[in-house]
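Structure at a glance
The primary structure of each chain is shown beneath.
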Amino acid sequence: MTPVQEPVIPEGDSQVSTASVRKAIERSREIEEQIDIDPSRFRVLTGDRPTGKLHLGHYFGTLKGRVELQNRGVDTWILVADYQVITDRDGVGPIRERVLGLLADYLAAGIDPERSTIFAHSAVPALNQLMIPFLSLVTESELHRNPTVKAELQATGGRAMTGLLLTYPVHQAADILFCKANLVPVGQDQLPHIELTRQIASRFDRRYGRDAEGKPVFRRPDALLSKAPAILGTDGTKMSKSRGNTIELAMTADETAKILKKAKTDSDRVITFDPVTRPEVSNLLLLASMASGEEPEVIAERIGDGGGGVLKKTVTDAINDHLAPLRARRTELEKDPAYLLSVLEAGVAKANEEADRTLLQAREAMGMVY
Ligand code: TRP
């Protein structure tokens, strides 16, 4: 069993209020129960920017959860958010290669293209057209106040804010609303996005009215907060490619061992699980725990006074064992880009059908079908 840890409630300096996080946690628990009763009530939309390879933070934080939702019978839609790549950088990068890599990661992790829909939003014109009426429903100052927009602007290191970065929460609302998803698995920092999406759905209803049958055009989605504890990089700071502290799904067992050999530990030879006073050691134990299913305390106990060396070997073996079948599938999938692209093409076709239908409803509501 993966250790289920309470999501950390952010302190006062966080942009998202404690009350709204607590409410979202409670709501997520209720939804989890409802999924067990009737998974067919839910459609999940989630996605990733193709800016690099997926790492263990993505895998344990969201990808594994998506596969579980799919396997519990929830209709799962996965977005390759390619337009979002250009919100905060100059070019698209090696986009084709990255999209193929993302597709391989998804399928190797257990996303089943027969049951789930994988698509790229750049290939779904009607989704993007929804952005026009949606932009009429938000104010410039609301967008400037969005905590995620602010954080991403800061991360670009003093670059000027582009129009797309400022408005990307509206685009993200279109990603969710076009397919009438009612569940969006996110981290706590993304809660303001879901709130804005709900506002856009309500405001559309109030301002432009309903579809031809008198029903609201858009469903108001809920956030589904992950129960998985946050994973840090091998140096105990945020896992991110630029810090060289990530373990990618696509790495070989040897590359994984090499990265973990350099992992940060501390001078106490007795290994204990204590996330507050020993963040680096505890993060490595958590990684071993997520990969092996054993409790971190049990793993620590077994290592005892074996020190950092034994800890690193334990984590390396746990991760490499857990990922071996995924990596083998991934290697096979990467050899067959035509197959990967055919999966994307089928998903894009399905997304376009849905988007065309929704856009027509929106235009009807607005009296713009002549
Ligand atoms: N913002 C997400 C990321 O950074 C990707 C994304 C785009 C997304 N649109 C979305 C996630 C809609 C959930 C719902 O990876």
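Residues numbered from 1 in each chain as written. Predicted model: local features only at pLDDT ≥ 70, side-chain atom pairs only at ≥ 80, totals over all residues. Heavy atoms only, no water.

As far as domains go, the chain holds domain 1 (18-231 + 336-365) and domain 2 (241-334). Centre-to-centre separation of domain 1 and domain 2, based on C-alpha positions: 30 Å. Between domain 1 and domain 2 the total buried area reaches about 1800 Å² when both faces are included, carbon and sulfur atoms providing 71% of it. Joining domain 1 to domain 2, the criterion identifies 1 salt bridge. Between Arg 330 and Asp 105 there is a salt bridge whose closest N-O contact spans 2.5 Å. Joining domain 1 to domain 2, the criterion identifies 8 residue pairs in polar contact (both at pLDDT 80 or more). Mapped by element, the contributors of at least two residues to the side of domain 1 that touches domain 2 are α2 (56-71), α3 (95-109) and α14 (337-365). Ranked by residues supplied to the side of domain 1 that touches domain 2, first place goes to α3 with 6 residues. Split by residue class, the side of domain 1 that touches domain 2 holds 16 nonpolar, 2 polar and 4 charged. (Domains from an automatic or database assignment. Buried area = accessible area lost by both parts, 1.4 Å probe. Salt bridge = Lys/Arg side-chain N within 4 Å of Asp/Glu carboxyl O. Polar contact = N/O pair within 3.5 Å; in protein donor to acceptor, adjacent residues only side chain to side chain. Helix = DSSP H or I, 4+ residues; strand = E, 2+ residues; numbered from the N terminus. Nonpolar A, V, L, I, M, F, W, Y, C, P; charged D, E, K, R; others polar.)

Another aspect to go through is the confidence of the model for the chain. Interpretation of the predicted coordinates at a detailed level should be avoided for regions scoring low in pLDDT. Across the chain, the average pLDDT comes to 93, with 96% of residues at or above 70. Within the model, pLDDT remains below 50 along residues 1-14, and this stretch shows 26 contacts once partners closer than five positions in the same chain are excluded. (pLDDT = per-residue confidence, 0-100. Contact = heavy atoms within 4.5 Å.)

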